[in-house]
Amino acid sequence: MEKLIFETLATWSTQSKCQGSHVAAAAVHNNRLLGIGYNGTPRKTRNCDEVFKKVVNGDKTEYYILFDSELDKWAAEGNFNLKIMPDYSAMRNCTDYVGDKAKDLFNYLHGKWSTKYEVHAEMNLIFNLLKQGCNIPMDQVVIYTNISPCDQCLKNLAGLGVKEIHFKEVYWRSNPAELYQAAKRLNINLFYKGEPFLGSA
(Lines give C-alpha, C1' and ligand atoms only; values in the text may rest on other atoms or scores of the structure.)
Protein backbone atom coordinates (compact mmCIF):
# COMPACT_ATOMS: atom_id res chain seq x y z
CA MET A 1 0.00 0.00 0.00
CA GLU A 2 2.75 2.46 0.94
CA LYS A 3 4.57 1.92 -2.36
CA LEU A 4 1.37 2.69 -4.26
CA ILE A 5 0.74 5.84 -2.20
CA PHE A 6 4.23 7.20 -2.82
CA GLU A 7 3.88 6.44 -6.54
CA THR A 8 0.62 8.40 -6.50
CA LEU A 9 2.29 11.28 -4.68
CA ALA A 10 5.12 11.32 -7.21
CA THR A 11 2.53 11.79 -9.96
CA TRP A 12 0.55 14.47 -8.14
CA SER A 13 3.65 16.40 -7.13
CA THR A 14 4.29 17.16 -10.80
CA GLN A 15 1.21 19.42 -10.68
CA SER A 16 3.10 21.81 -8.40
CA LYS A 17 4.33 25.01 -10.04
CA CYS A 18 6.92 25.55 -7.31
CA GLN A 19 10.47 25.94 -8.63
CA GLY A 20 11.99 24.87 -5.33
CA SER A 21 10.41 21.50 -4.52
CA HIS A 22 7.47 19.54 -5.90
CA VAL A 23 5.65 18.19 -2.86
CA ALA A 24 2.43 16.21 -2.51
CA ALA A 25 0.70 14.88 0.59
CA ALA A 26 -2.05 12.32 1.09
CA ALA A 27 -4.43 11.36 3.89
CA VAL A 28 -5.18 7.66 4.37
CA HIS A 29 -7.72 5.97 6.65
CA ASN A 30 -7.99 2.18 6.89
CA ASN A 31 -6.03 1.83 3.64
CA ARG A 32 -8.45 4.19 1.86
CA LEU A 33 -7.16 7.35 0.21
CA LEU A 34 -9.15 10.32 1.51
CA GLY A 35 -7.51 13.16 -0.34
CA ILE A 36 -4.37 14.73 -1.80
CA GLY A 37 -2.79 18.18 -1.77
CA TYR A 38 0.31 19.66 -3.38
CA ASN A 39 2.30 22.81 -2.72
CA GLY A 40 1.58 26.05 -4.52
CA THR A 41 -0.01 29.47 -4.34
CA PRO A 42 -3.74 29.99 -3.70
CA ARG A 43 -6.01 29.91 -6.74
CA LYS A 44 -6.11 32.96 -8.99
CA THR A 45 -2.79 34.25 -7.64
CA ARG A 46 0.60 34.30 -9.33
CA ASN A 47 2.37 30.94 -9.47
CA CYS A 48 5.98 30.41 -8.47
CA ASP A 49 7.04 29.55 -12.02
CA GLU A 50 5.86 33.00 -13.15
CA VAL A 51 8.53 34.56 -10.90
CA PHE A 52 11.27 31.92 -10.70
CA LYS A 53 12.55 29.51 -13.32
CA LYS A 54 15.21 26.80 -13.38
CA VAL A 55 16.54 25.85 -16.81
CA VAL A 56 18.62 22.66 -17.01
CA ASN A 57 21.04 22.37 -19.92
CA GLY A 58 22.87 19.06 -19.61
CA ASP A 59 24.87 19.21 -16.39
CA LYS A 60 24.38 22.96 -16.03
CA THR A 61 21.43 24.71 -14.37
CA GLU A 62 20.57 28.34 -15.00
CA TYR A 63 18.48 30.34 -12.57
CA TYR A 64 16.06 33.08 -13.66
CA ILE A 65 14.06 35.60 -11.62
CA LEU A 66 11.41 38.15 -12.54
CA PHE A 67 12.40 40.88 -10.11
CA ASP A 68 10.05 43.36 -8.47
CA SER A 69 10.60 45.93 -5.73
CA GLU A 70 9.97 43.34 -2.99
CA LEU A 71 12.56 40.88 -4.34
CA ASP A 72 14.95 43.77 -4.89
CA LYS A 73 14.57 44.71 -1.21
CA TRP A 74 15.05 41.11 -0.04
CA ALA A 75 18.22 40.78 -2.13
CA ALA A 76 19.64 43.84 -0.38
CA GLU A 77 18.66 42.47 3.03
CA GLY A 78 20.44 39.22 2.14
CA ASN A 79 23.65 41.18 1.40
CA PHE A 80 23.61 40.30 -2.28
CA ASN A 81 25.40 43.07 -4.15
CA LEU A 82 23.68 43.10 -7.53
CA LYS A 83 25.98 43.97 -10.42
CA ILE A 84 23.17 45.58 -12.42
CA MET A 85 19.86 47.20 -11.57
CA PRO A 86 17.01 44.65 -11.50
CA ASP A 87 14.85 44.53 -14.61
CA TYR A 88 11.21 44.42 -13.52
CA SER A 89 9.87 43.78 -17.03
CA ALA A 90 11.30 40.32 -17.79
CA MET A 91 12.99 37.31 -16.24
CA ARG A 92 16.76 37.69 -16.05
CA ASN A 93 19.49 35.13 -15.49
CA CYS A 94 20.71 35.40 -11.90
CA THR A 95 24.28 35.17 -13.21
CA ASP A 96 23.76 38.66 -14.66
CA TYR A 97 23.22 39.95 -11.13
CA VAL A 98 25.63 38.04 -8.90
CA GLY A 99 27.89 35.89 -11.11
CA ASP A 100 28.75 32.51 -9.59
CA LYS A 101 26.39 33.12 -6.63
CA ALA A 102 23.36 32.74 -8.91
CA LYS A 103 22.12 29.58 -7.17
CA ASP A 104 22.51 31.18 -3.73
CA LEU A 105 20.54 34.26 -4.81
CA PHE A 106 17.83 32.10 -6.38
CA ASN A 107 17.45 29.86 -3.31
CA TYR A 108 17.48 32.79 -0.90
CA LEU A 109 14.85 34.83 -2.75
CA HIS A 110 12.73 31.79 -3.56
CA GLY A 111 12.72 30.82 0.11
CA LYS A 112 11.53 34.29 1.13
CA TRP A 113 8.91 34.42 -1.62
CA SER A 114 7.66 30.89 -0.97
CA THR A 115 7.29 31.51 2.76
CA LYS A 116 5.11 34.53 2.07
CA TYR A 117 3.05 33.34 -0.90
CA GLU A 118 2.96 29.54 -1.18
CA VAL A 119 0.88 27.02 0.77
CA HIS A 120 2.54 23.73 1.66
CA ALA A 121 1.22 20.41 0.45
CA GLU A 122 0.17 19.25 3.92
CA MET A 123 -1.99 22.33 4.47
CA ASN A 124 -3.54 22.14 1.00
CA LEU A 125 -4.36 18.52 1.80
CA ILE A 126 -6.20 19.59 4.96
CA PHE A 127 -8.05 22.35 3.09
CA ASN A 128 -9.13 19.81 0.46
CA LEU A 129 -10.40 17.43 3.16
CA LEU A 130 -12.43 20.27 4.68
CA LYS A 131 -13.90 21.17 1.30
CA GLN A 132 -14.90 17.52 0.82
CA GLY A 133 -16.63 17.48 4.20
CA CYS A 134 -14.37 14.79 5.63
CA ASN A 135 -15.50 14.05 9.19
CA ILE A 136 -13.03 11.31 10.10
CA PRO A 137 -11.05 12.25 13.25
CA MET A 138 -7.52 13.21 12.29
CA ASP A 139 -6.01 11.00 14.98
CA GLN A 140 -7.28 8.08 12.89
CA VAL A 141 -5.72 9.42 9.67
CA VAL A 142 -2.20 8.64 8.47
CA ILE A 143 -0.43 11.37 6.50
CA TYR A 144 1.95 10.52 3.66
CA THR A 145 4.20 13.06 1.97
CA ASN A 146 7.06 12.63 -0.47
CA ILE A 147 9.19 15.16 1.46
CA SER A 148 9.33 15.53 5.25
CA PRO A 149 7.13 18.25 6.77
CA CYS A 150 8.51 21.62 7.88
CA ASP A 151 8.23 22.76 11.50
CA GLN A 152 5.07 24.77 10.82
CA CYS A 153 3.26 21.93 9.06
CA LEU A 154 4.34 19.48 11.75
CA LYS A 155 2.95 21.79 14.43
CA ASN A 156 -0.30 22.38 12.52
CA LEU A 157 -0.83 18.67 11.89
CA ALA A 158 -0.22 17.97 15.58
CA GLY A 159 -2.83 20.60 16.42
CA LEU A 160 -5.33 18.74 14.25
CA GLY A 161 -4.60 15.52 16.12
CA VAL A 162 -2.45 13.73 13.54
CA LYS A 163 -0.36 11.01 15.19
CA GLU A 164 1.48 9.40 12.26
CA ILE A 165 3.34 10.78 9.23
CA HIS A 166 5.23 8.82 6.57
CA PHE A 167 7.72 10.42 4.18
CA LYS A 168 10.13 9.26 1.51
CA GLU A 169 12.75 12.01 1.57
CA VAL A 170 14.11 14.44 4.18
CA TYR A 171 13.73 18.05 3.07
CA TRP A 172 17.16 19.41 2.16
CA ARG A 173 16.84 22.42 4.47
CA SER A 174 15.80 20.28 7.46
CA ASN A 175 18.00 19.06 10.27
CA PRO A 176 17.00 15.38 10.73
CA ALA A 177 17.78 15.35 14.45
CA GLU A 178 15.72 18.51 15.04
CA LEU A 179 12.86 17.07 12.98
CA TYR A 180 12.87 13.96 15.15
CA GLN A 181 12.89 15.97 18.38
CA ALA A 182 10.08 18.24 17.17
CA ALA A 183 7.90 15.25 16.27
CA LYS A 184 8.65 13.58 19.59
CA ARG A 185 7.67 16.74 21.46
CA LEU A 186 4.41 16.89 19.48
CA ASN A 187 3.64 13.18 20.00
CA ILE A 188 3.80 12.41 16.28
CA ASN A 189 5.32 9.15 15.05
CA LEU A 190 7.44 9.66 11.94
CA PHE A 191 8.24 6.93 9.42
CA TYR A 192 10.98 7.26 6.81
CA LYS A 193 10.82 4.82 3.89
CA GLY A 194 8.60 2.53 5.95
CA GLU A 195 10.81 2.46 9.06
CA PRO A 196 10.51 4.49 12.28
CA PHE A 197 12.40 7.74 11.85
CA LEU A 198 15.01 8.16 14.58
CA GLY A 199 16.67 11.40 13.53
CA SER A 200 19.02 10.34 10.75
CA ALA A 201 18.58 9.86 7.01
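Relevant structure appears above.
These figures come from a predicted structure and were not determined experimentally.

Enquirer: Is there a simple way to think about the packing of helix H2 (residues 69–77) against helix H4 (residues 102–117) in this case?
Expert: A pair of packed helices is characterised by two quantities: the angle between their axes and the separation of those axes. Running from N to C, H2 and H4 cross one another at 125 degrees; their axes reach a closest spacing of 10 Å. As far as their axial angle goes, H4 and H2 are oblique. At the point where H2 passes H4, the crossing takes the right-handed sense. On H4, the residues that touch Glu70, Leu71, Trp74, Ala75 and Glu77 of H2 are Leu105, Tyr108, Leu109, Lys112, Trp113, Lys116 and Tyr117. Classifying every residue of the contact of H2 with H4 gives eight nonpolar, no polar and four charged.

Enquirer: Would you take a moment to explain the pairing of strand E7 (residues 164–169) for this structure?
Expert: Moving residue by residue along a regular strand, the side chains alternate between the two faces of the sheet. Of the strand pairs in this sheet, strand E6 (residues 142–147) and E7 are connected by five bridges, and their pairing is parallel. When the bridges of E7 are listed, Ile143 appears paired with Ile165. Between the parallel pair E6 and E7, the chain is carried across by helix H6 (residues 151–160), and the sense of this crossover is right-handed. Where the polypeptide runs from E7 across helix H7 (residues 176–185) and back to strand E8 (residues 189–192), its parallel neighbour, the crossover connection is right-handed.

Enquirer: Got a minute to help me understand the side chain of Glu118 in this structure?
Expert: Note on placement: Glu118 falls in the loop between H4 and helix H5 (121–132). Although Glu118 lies buried, it forms no salt bridge, and the closest oppositely charged side chain, Arg173, sits 9.9 Å away as judged by the N-O distance. One polar contact links Glu118 to Ser114, side chain to side chain, over a distance of 2.8 Å. Every residue in contact with Glu118, bar those within four places of it in the chain, is listed here: Cys18, Gly40, Thr41, Cys48, His110 and Trp113.

Enquirer: In this structure, what is going on with the environment of Lys60? I would like to understand it.
Expert: The topology assignment puts Lys60 in strand E4 (residues 60–65). Separated by 110 residues in the primary sequence, Lys60 and Val170 place their C-alpha atoms 24 Å from one another.

Enquirer: Quick question: what am I supposed to make of the sheet that holds strand E5 (residues 92–93) here?
Expert: Sheets are built from strands that pair by backbone hydrogen bonding, the pairs being arranged parallel or antiparallel. Overall, antiparallel pairing links the three strands, which are arranged E3-E4-E5 in an open sheet. Looking at which strands have only one partner, the edges of the open sheet turn out to be strand E3 (52–57) and E5. Sheet topology note: the E4/E5 ladder contains two bridges and is antiparallel. Each residue of the ladder has a partner; that of Tyr64, found in E5, is Asn93. The strands touched by H4 within the sheet are E3 and E4, with E4 carrying the most contacts at an inclination of about 45 degrees.

Enquirer: Looking at this model, I keep getting lost on H6. Mind explaining?
Expert: Residue pairs three or four apart in sequence face the same way in an α-helix, which turns once every 3.6 residues. Of all the positions in H6, only Cys153, Leu154 and Leu157 are classed as buried. The buried side chains of H6 occupy one side of the element, clustering within an arc of 100 degrees when seen end-on. Facing away from the buried side of H6 by over 90 degrees, the exposed positions are Asp151 and Gly159. Tucked inside the fold, the buried residues of H6 contact H5, E7, H7 and E8. Positioned one or two residues after H6, Gly161 has a phi angle of 105 degrees, which is positive.

Enquirer: Even after reading the chapter, I still don't get the sheet that holds E6, so can you show me in this structure?
Expert: Spatial strand order, E2-E1-E6-E7-E8-E9: six strands in an open sheet with mixed pairing. Of all strands in the sheet, those bounded by a partner on one side alone are strand E2 (32–38) and strand E9 (195–196). Across four bridges, the pairing between strand E1 (residues 24–29) and E6 is antiparallel. Each bridged residue has a counterpart across the sheet, and for Ala27 the counterpart in E6 is Ile143.

Cut-off values and rules
Each chain has its residues counted from 1, following the order in which its sequence is written. Owing to the predicted nature of the model, reporting of local features is limited to residues with pLDDT of at least 70; listing and counting of side-chain atom pairs is limited to 80 or more, with chain, interface and lining totals taken over all residues. Side-chain numbers come from the whole structure's heavy atoms, not from hydrogens or water. Working convention: axes come from line fits to C-alpha atoms, limited for helices to the stretch in contact. Angles between N-to-C directions cover 0 to 180 degrees. Runs of E in the DSSP output that reach at least two residues are strands. Runs of H or I that reach at least four are helices, and both are numbered from the N terminus. Orientation categories follow fixed angle ranges, with anything under 35 degrees roughly parallel, anything over 145 roughly antiparallel, 65 to 115 roughly perpendicular, and all other angles oblique. Each crossing gets its handedness from the near helix: less than a right angle anticlockwise from the far helix is left-handed, clockwise is right-handed. Every residue pair with non-hydrogen atoms within 4.5 Å of one another is taken to be in contact. Gly falls in the polar group here, along with every residue not listed as nonpolar (Ala, Val, Leu, Ile, Met, Phe, Trp, Tyr, Cys, Pro) or charged (Asp, Glu, Lys, Arg). Strands pair, by our definition, only if DSSP identifies at least two bridges between them. Note on handedness: a crossover is taken as right-handed if, strands pointing away from the viewer, the path from the first strand over the helix to the second is clockwise. Throughout this description, buried means an accessible area under 20% of the type-specific maximum (1.4 Å probe, protein chains only), exposed means over 50%, and partly exposed covers the range between. The charged-residue count follows a simple rule in which Lys and Arg add positive charge and Asp and Glu add negative charge, with His and chain termini not counted at all. Criterion for a salt bridge: a side-chain nitrogen of Lys or Arg within 4 Å of a carboxyl oxygen of Asp or Glu. Between N or O atoms, a polar contact is any pair within 3.5 Å; within protein, one atom must be a potential hydrogen donor and the other a potential acceptor, and residues adjacent in sequence are included only when both atoms are from side chains. Directions are taken from the helix axis to each C-beta atom, and the arc is the one they span.

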